[in-house]
Amino acid sequence: MTVPVLSAQNIGKSYGSGANRFDALKGVSVDIRAGESVAIVGKSGSGKSTLMHLLALLDDPDSGALLVEGTDAKKLKGKEVNRLRNQDFGFVFQQFFLTANASVLENVVLPLKIAGVSPKARRARGMKALEQLELADKAKNKAMNLSGGQKQRAVIARALVNNPKVIFADEPTGNLDTATGAVVEDILFSLNKDKGITLIIVTHDIDLAARCDRQIFIRDGIEDVTRSPEAISKPEGARA
Amino acid sequence: MKFVDIITSAIANSFRSKLRTGLTVIAIFIGAFTLTITSGIGTGVTSYINSQVSAIGAADVLTVSKTDDAAATESDGPAAYDPEKATTISLGNGSRPGSTIQALTDADLDTIKATSGILGVDPAVQVTPDFIEYDGSGKFELTVNAPATLTTADLAAGAQLDNESATDQLLLPTTYLDALGFSTPESAIGQTVSIGITDFAGTPQQVPATIVGVQNETILGAGAGLNQPLTDRLHDVELAGTPAGAPQSYASATARFDLDASDEEIVAIKADLADQGYASQTVADQIGSFETVINVIIGVLNAFAVIALIAAGFGIINTLLMSVQERTREIGLMKAMGMNGGRVYALFSTEAVFIGFLGSALGALVAVGVGSVISNILATTVFENLPGLQVVQFAPSSIAIIIGVVMLIAFLAGTLPARAAARQNPIDALRYE
Ligand SMILES: Nc1ncnc2c1ncn2[C@@H]1O[C@H](COP(=O)(O)OP(=O)(O)OP(=O)(O)O)[C@@H](O)[C@H]1O
Ligand SMILES: [Mg+2]
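Computed from a predicted structure; not experimentally measured.

(A) Here's a closer look at the nonpolar core. Residues Leu51(A), Leu57(A) and Phe168(A) are the most contacted members of the largest nonpolar core, which totals 68 residues. At 7 residues, helix α9 (residues 283-326) of chain B tops the list of elements feeding residues into this core. With residues near it in sequence (within four places) discarded, Leu57(A) still touches Leu66(A), Val68(A), Ala73(A), Leu76(A), Val81(A), Leu84(A), Arg85(A) and Phe89(A). Core analysis: the second largest hydrophobic core is formed by 41 residues, Ala39(A), Val104(A), Leu112(A) and Cys212(A) among them.

(B) Representation of the UniProt feature "transmembrane region" (unreviewed entry) in chain B within the structure. Residue and element names in this part refer to chain B. Per the UniProt entry, the sites bearing "transmembrane region" (unreviewed entry) are residues 21-42, 296-324, 345-374 and 394-416 in this numbering. Between the end C-alpha atoms of residues 345-374 there is a gap of 43 Å, over a span that is 100% helix and 0% strand. Segment residues 394-416 splits into 91% helix and 0% strand. End C-alpha atoms: 34 Å apart.

(C) Just the packing of aromatic side chains, in detail. Residue and element names in this part refer to chain A. Following the criterion strictly, the structure yields 8 aromatic pairs over all chains and no others. Note on phenylalanine 89 and phenylalanine 91: the rings are 6.4 Å apart at their centroids and 85 degrees apart in plane angle, and the pair reads as edge-to-face. You can call phenylalanine 91 buried: its relative accessible area is 2%. By the ring-pair criterion, three or more aromatic residues cluster together here, those being Phe89, Phe91, Phe93, Phe97 and Phe168.

(D) Quick look at the pattern of salt bridges. Scanning all chains against the criterion turns up 16 salt bridges over all chains. Put simply, Asp168(B) and Arg233(B) hold a salt bridge, and the shortest N to O gap is 2.4 Å. Note that Asp168(B) is positioned in the loop between β6 (155-158) and β7 (169-173) and Arg233(B) in helix α7 (residues 228-239), a separation of 65 residues in sequence. For Asp168(B), a relative accessible area of 10% corresponds to the buried category. The shortest N-O distance in the salt bridge between Glu351(B) and Arg327(B) comes to 2.8 Å. Pair noted here: Glu351(B) is in helix α11 (residues 341-380) and Arg327(B) is in the loop between α9 and α10 (328-336), with a separation of 24 residues, a long-range link. For Arg327(B), a relative accessible area of 6% translates into the label buried. Taken together, the shared-partner salt bridges in this structure form one network comprising Glu80(A), Arg83(A), Asp88(A) and Lys165(A).

The rules behind each value
Residues numbered from 1 in each chain as written. Chains lettered and ligands numbered in written order. Predicted model: local features only at pLDDT ≥ 70, side-chain atom pairs only at ≥ 80, totals over all residues. Heavy atoms only, no water. Core = buried A, V, L, I, M, F, W, Y, C linked by side-chain atoms within 4.5 Å. Buried < 20%, exposed > 50% of the residue type's maximum accessible area, 1.4 Å probe, protein only. Helix = DSSP H or I, 4+ residues; strand = E, 2+ residues; numbered from the N terminus. Contact = heavy atoms within 4.5 Å. UniProt positions renumbered as here; feature names shortened; annotations may be inferred. Phe/Tyr/Trp six-rings, centres within 6.5 Å; stacked < 30°, edge-to-face > 60°. Salt bridge = Lys/Arg side-chain N within 4 Å of Asp/Glu carboxyl O.

Here it is as structure tokens:
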């Protein structure tokens, strides 16, 4: 068996201290293999986002260990962590986080700008990503003038513009209507299938979770093993 | 993130909140404007003084006078009368009317001459001629510029006065040219004019003199310069008929020392003279004290400008703290996308430096414009009689220093907010509402 891209080993995370101390994650172990799609499912406040942030190296676990391709994340240098975040990971945040006054293209090429790519190459790659998401005609519009679904697609374009190995998506369809949500889902799964990009999707939506190769159920900061993967049957071609 | 991208992003960011940036820029503008104007006045006045007198020809001359009566300076009351001291000064020796000063007698002159390092001493005599006339074309009042022999004149034509010459030489101010009937400064050179003067007995007399040079007007007293032989001749005429035996006394004397004397040697000569009860100043000392006064005034103005800039610095801190707060999520996003803290720091401090540059460059530019206009207006009105005086002058180097210093202040002011931004944890920043 190959080394997992990401491997969480009994990781825990607490917020606050003393009487206010709250254990958001109480020891979760997951292995993410290259090319698979994984859903993190659970009730609100169960610790899904916390787990995703730890996997994406955006935060440090208080206990347990996180291995990136077999290396302990704690041993990685700041520079290496930044390289991973910039080159290997793509993020789709629940609240978009688009810079309202900047153009759609500028928003999309932000990871390339951080990487130090030349303006000409940035433009070309940004336009390619926008074309993939059928947003090329909106490239010069201000980000704030996009519709909700267009914003969501712009955010996905930003996540894939640097050709990442893993895309982390927190509630990618959370605030979209069903039809638009379905379009966004299709885009994500086609990236997974066509380009072999590993998908880690945090969601409430049981149907979206069912389309993933694997589901991880979180409940009060621990993995809920009573909900076996077999309990969810994939709806045949429901949203093809 | 590339350096160029940091700069362009920082500039774009500072224009995102135009009102806030604008107000901060105005605060810096005021400080930079004041600083540029005051330094311009400093440059203008200093360069004028220098053009007038810095070419001090007589670097080997000390002006010597008697030290003020110790008793008079130490207590508030007047000093007790001492008949041994020469306190009254006879006509034509350079005293101010109505003032009682300690006069130098011939004995004093001998003492000064005997001081080591002094090569020679001449009493300062002031002559008051009645008129000057050229070629019978009319008589005009003549003012004499006493320090002319000590300084090198700013010449329009001709040569400097020569005190060693046997001829009676005159340096004519440009203002006399028209009246005396000379069309150009050059045409006056070598001509002989006659100077009218009244002797002690009240009889008018005339003395011929040769014009050796024509001089632009100066701040050191407008008037004609006379060389030593001419001064002596006129002085002799004035004193002709003085009762015999009346003691001579002078307000001051000029003592000559070796031109190659080092600064230490000059200090030693001055100390030696001071021990014997004489105050002495080189021409450089006299100009130096004038410049000190101007420098103090400019220093005070600069202090106000710096206070304005410090206030502006807090404006920068405030502006940037607000923009760090406003952009918390953006910072979080950039960090989540692999931007390192150092670059975030650079981004915000570049923004601070840019705001500083904007304010100071605009301030300096407007100051140069306004200063030049005012200076030109003043030169043709208030300072019309001082040709060559541009009160406000701008040295590119000092403007560059001002802009540099303001940008440094801005950078320092920006460090606090920039550090706050750089230290943010991406997740906390993204969760920020
Ligand atoms: N910075 C923090 N300080 C204190 N508590 C926190 C902090 N971040 C998260 N928590 C708490 O940790 C728990 C897990 O949060 P998390 O965001 O992971 O939930 P979630 O499963 O993603 O929920 P949702 O589906 O609503 O997004 C919550 O109870 C939350 O209140
Ligand atoms: Mg969440």
